[in-house]
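Summary of structural features
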Amino acid sequence: MTGVLATGVALVFFWLGMVVAISFIEAPLKFQAPGITIPLGLGIGRLVFRTLNSVEAVLAIALIVLAVVDADWPVAACTGLGVAVAALAVQVGAVRPALSKRTDAVLADPENVPEHRSHAHLWYVAFEVVKVAALLAAGVSLLG
C-alpha cells in the first residue's frame, strides 16, 4: 500500500468516525442530559454541526486531491467518495439552511417549540446515513 493510499484510508475512516460519533451518538444523547432544553440543545447542535461540516469539507477536498494524485484508486472508492461529497454538499447547501431557519425561530421564541421534528431534520439524517454507507464502501474498497 502506497503512502497516498494509506493516507486516503486513514482520512476516509476518520471522516466516517466523526460522522458516526457526532451525528448518531452525541446529537441524540445531548438532549438526554440534565438541564438541556430544546433551545439550548439546538444552539449547541448548530455550533457542532457547523464545525463538523467544515471539517468534512476539508477532508473531502484532501481526499479528492489524494484520489487525483494516485490514479490507481479503485472505481468503488472514487464512487463512494463522490457520493459522500455529494451528500455533504446537499446537506450544507440545501438542508442546513432550512434547519437554521427553524432553529432561528425556536431560539427567537423558546416558549413555542414545535413538538414534532422538521422534515429538514429527517432529510439531514437520511443524508448522514447515505454518507456513512458511502464512506464505509470507499474505505473498504481502498483496503481491498
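Residues numbered from 1 in each chain as written. Predicted model: local features only at pLDDT ≥ 70, side-chain atom pairs only at ≥ 80, totals over all residues. Heavy atoms only, no water.

A few words on the overall build of the protein. Broken down by element type, the protein carries four helices and zero strands. When the elements of the protein are put in sequence order from the N terminus, they spell out α-α-α-α. In terms of its C-alpha atoms, the protein occupies a principal-axis envelope of roughly 55 × 30 × 20 Å. A burial count over the protein gives 34% of its 144 residues as buried. When the accessible area of the protein is evaluated, it comes to approximately 7,900 Å², of which 73% is carbon and sulfur surface. (Helix = DSSP H or I, 4+ residues; strand = E, 2+ residues; numbered from the N terminus. Buried < 20%, exposed > 50% of the residue type's maximum accessible area, 1.4 Å probe, protein only. Areas by Shrake-Rupley, 256 points an atom, 1.4 Å probe, with all protein chains shown as cover.)

Tallying each qualifying case throughout the model produces two aromatic pairs. Centre to centre, the rings of Phe49 and Tyr124 are 5.7 Å apart; their planes meet at 90°, and the pair counts as edge-to-face. You can see Phe49 sitting in helix α2 (residues 38-69) and its partner Tyr124 sitting in helix α4 (residues 119-143), a full 75 residues away along the chain. The two residues Phe49 and Tyr124 agree in class, both being buried. (Phe/Tyr/Trp six-rings, centres within 6.5 Å; stacked < 30°, edge-to-face > 60°.)

Turning our attention to the pattern of salt bridges. Applying the stated criterion across every chain yields a total of four salt bridges. Lys30 serves as the salt-bridge partner of Glu26, at 3.7 Å between the closest nitrogen and oxygen. Remark: Lys30 and Glu26 occur in helix α1 (residues 3-30); sequence separation between them is four residues, near one turn of the helix. Given a relative accessible area of 25%, Glu26 falls into the partly exposed group. For Glu56, the salt bridge is made with Lys131, and the minimal N-O distance between the two is 2.6 Å. With a gap of 75 residues between them, Glu56 in helix α2 and Lys131 in helix α4 connect regions that are remote in the sequence. The two residues Glu56 and Lys131 agree in class, both being buried. Here the salt bridges do not stand alone but share partners, grouping Glu56, Glu128 and Lys131 into one network. (Salt bridge = Lys/Arg side-chain N within 4 Å of Asp/Glu carboxyl O.)

Moving on, we get to the nonpolar core. Of all hydrophobic cores here, the largest spans 30 residues; its most connected members are Val12, Trp15, Phe49, Leu63, Trp73, Leu135 and Leu142. Counting residues per element, the ones that place at least two in this core are α1, α2, α3 (75-108) and α4. Of the residues forming this core, the biggest block, nine residues, is contributed by α1. (Core = buried A, V, L, I, M, F, W, Y, C linked by side-chain atoms within 4.5 Å.)

Before going further, it helps to examine the packing of α1 against α4. Contact geometry for α1 and α4: axes closest at 9 Å, N-to-C directions at 155°. When the axis of α1 is compared with that of α4, the two are roughly antiparallel. Here the hand of the crossing between α1 and α4 comes out left-handed. Contacts between α1 and α4 pair Leu5, Gly8, Val9, Val12, Phe13, Trp15, Leu16, Val19, Val20, Ser23 and Phe24 from the former with Val125, Glu128, Val129, Lys131, Val132, Leu135, Leu136, Ala138, Gly139, Val140, Leu142 and Leu143 from the latter. Within the contact of α1 with α4, the residues separate by chemical class into 18 nonpolar, three polar and two charged. (Axes fitted to C-alpha atoms, helices over the stretch in contact; angles between N-to-C directions. Parallel < 35°, antiparallel > 145°, perpendicular 65-115°, else oblique. Left-handed = near helix turned anticlockwise from the far one by under 90°. Contact = heavy atoms within 4.5 Å. Nonpolar A, V, L, I, M, F, W, Y, C, P; charged D, E, K, R; others polar.)

Right, let's talk about the confidence of the model for the protein for a bit. When pLDDT is averaged along the protein, the result is 93, and 100% of the positions lie at 70 or above. Here α3 stands out as the element of the protein with the lowest mean pLDDT, 93, in contrast to α4, whose mean of 96 is the highest. (pLDDT = per-residue confidence, 0-100.)

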